[in-house]
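A structural walkthrough
The lines below spell out each chain.
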Amino acid sequence: MKKLMMILAILVAFGVSASAQVPSSPVSFYAGGALSIPSGPDSFKETFKNGYHGMAGVGFDLNPMFELVGKLEYHAFQFDFTDDMSEYSGGTNKMWMYGVDVKLSPSLPALPIKPYALAGLGMASISMSEFSGPASLSLSVLNSAIGENQTKMYWNLGVGFNMMSTPVFSLFAQARYVNVATEGESAQFIPITIGAKFF
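Residues numbered from 1 in each chain as written. Predicted model: local features only at pLDDT ≥ 70, side-chain atom pairs only at ≥ 80, totals over all residues. Heavy atoms only, no water.

**Comments concerning the pairing of strand β5 (residues 93-104)**
Only one face of β5 is covered, namely the face carrying N93, M95, M97, G99, D101 and K103; the face carrying K94, W96, Y98, V100, V102 and L104 is uncovered. Relative to β5, strand β3 (residues 66-77) runs antiparallel, the two sharing 12 bridges. Within β5, the position partnered with V69 by the bridge is D101. In the sheet, β5 pairs with strand β6 (residues 113-128) via 12 bridges, with the strands oriented antiparallel. Residue W96 lies in a different strand from β6, and its bridge partner there is S125. (Buried < 20%, exposed > 50% of the residue type's maximum accessible area, 1.4 Å probe, protein only. Helix = DSSP H or I, 4+ residues; strand = E, 2+ residues; numbered from the N terminus. Pairing = 2+ DSSP bridges.)

Following this line, the structure appears as structure tokens:
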């Protein structure tokens, strides 16, 4: 155990010293994805399964504590069919999201893990794929209930942390609350993202 702790301490010290030797860039690139969890309203949370997402972004340092991140995201939530509808497929809720986040990274001592908070807004383009399966009244009802594509404003709040890996590359993990102003009640979900930040 002592040897393991010593190796970890050496790796952390090396990562901190290496990052100090490389001048930081005012521009960063992000890529990541993972889980998207519906959280409300009940009509959204109970109709769709946990989904997935991918994202890419470009960050611009405003000062040592604040960063502006422009981003593109894709989220997909599959319809949660009941057991007696297992022969059907489709009905995937798809969201393309375009937005900007402001990230606050507190000034802390040189540590391998750096926490941050973020807030942002943007636009979400929402569509739903058609259902497919054996021709039946149920299939007709499901497809007739699909609404038109819509583009709505969204906002999000979140927290996360960066983990230093190399002087030009770090890993990050974050969780956000996203609220999309869909017709009727707003759609809410929680994306949990794991990815990489390139300097």
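**Here's the deal with the side chain of N179**
Its place among the elements puts N179 in strand β9 (residues 169-180). For N179, a relative accessible area of 11% translates into the label buried. Of note is the side chain of N179, whose polar atom sits 3.3 Å from the side chain of S186. (Polar contact = N/O pair within 3.5 Å; in protein donor to acceptor, adjacent residues only side chain to side chain.)

**Some details on the pairing of strand β1 (residues 27-40)**
In the sheet, β1 pairs with strand β2 (residues 51-61) via 10 bridges, with the strands oriented antiparallel. Across the sheet, the residue bridging to A34 is H53, located in β2. Sheet topology places β1 next to strand β10 (residues 187-198); 11 bridges connect them, and they run antiparallel. Its bridge partner being in β10, P38 is matched across the sheet by F189.

**A word on the packing of aromatic side chains**
Tallying each qualifying case throughout the model produces 11 aromatic pairs. Where F44 meets F48, the ring centres are 5.6 Å apart and the plane angle is 55 degrees; that geometry is what we call tilted. Between F48 and F79, the aromatic rings sit 6.0 Å apart at their centres with planes inclined by 85 degrees, giving edge-to-face as the arrangement. Placement of the pair is F48 in the loop between α2 (42-45) and β2 and F79 in the loop between β3 and β4 (89-90), with a sequence separation of 31 residues. Neither F48 nor F79 differs from the other in exposure class; each is buried. Clustering of aromatic rings is evident, with ring pairs tying together F44, F48, F77, F79, F81, F131 and F189. Over the ring of Y116 we find K103; its NZ or CZ atom is 4.0 Å from the centre of that ring. (Phe/Tyr/Trp six-rings, centres within 6.5 Å; stacked < 30°, edge-to-face > 60°. Lys NZ or Arg CZ within 6 Å of the ring centre and 35° of its normal.)

**Comments concerning the pattern of salt bridges**
Scanning the model with the defined rule gives six salt bridges in all. Between K103 and E67 there is a salt bridge, and its shortest N-O distance comes to 3.8 Å. Of the two residues, K103 is situated in strand β5 and E67 in strand β3; the sequence distance between them amounts to 36 residues. An identical accessibility class is assigned to K103 and E67; each is buried. Across the pair E73 and R176 runs a salt bridge whose closest N-O atoms are separated by 2.6 Å. Here E73 is found in strand β3, whereas its partner R176 is found in strand β9, with 103 residues between them in sequence. Given the relative accessible area of 1%, E73 is considered buried. Among the residues examined, R176 registers a relative accessible area of 3% and is labelled buried. (Salt bridge = Lys/Arg side-chain N within 4 Å of Asp/Glu carboxyl O.)

**Side note on the sheet that holds β6**
Strand order in this closed barrel of eight strands is β1-β2-β3-β5-β6-β8-β9-β10, and the pairing throughout is antiparallel. Sheet twist, expressed as the average angle between the axes of neighbouring strands with direction ignored, equals 25 degrees. As paired elements, β9 and β10 share 10 bridges and run antiparallel to each other. Counterpart to S170 in the pairing with β10 is K197. (Axes fitted to C-alpha atoms, helices over the stretch in contact; angles between N-to-C directions.)

On their own, these measurements won't tell you what the molecule is for.
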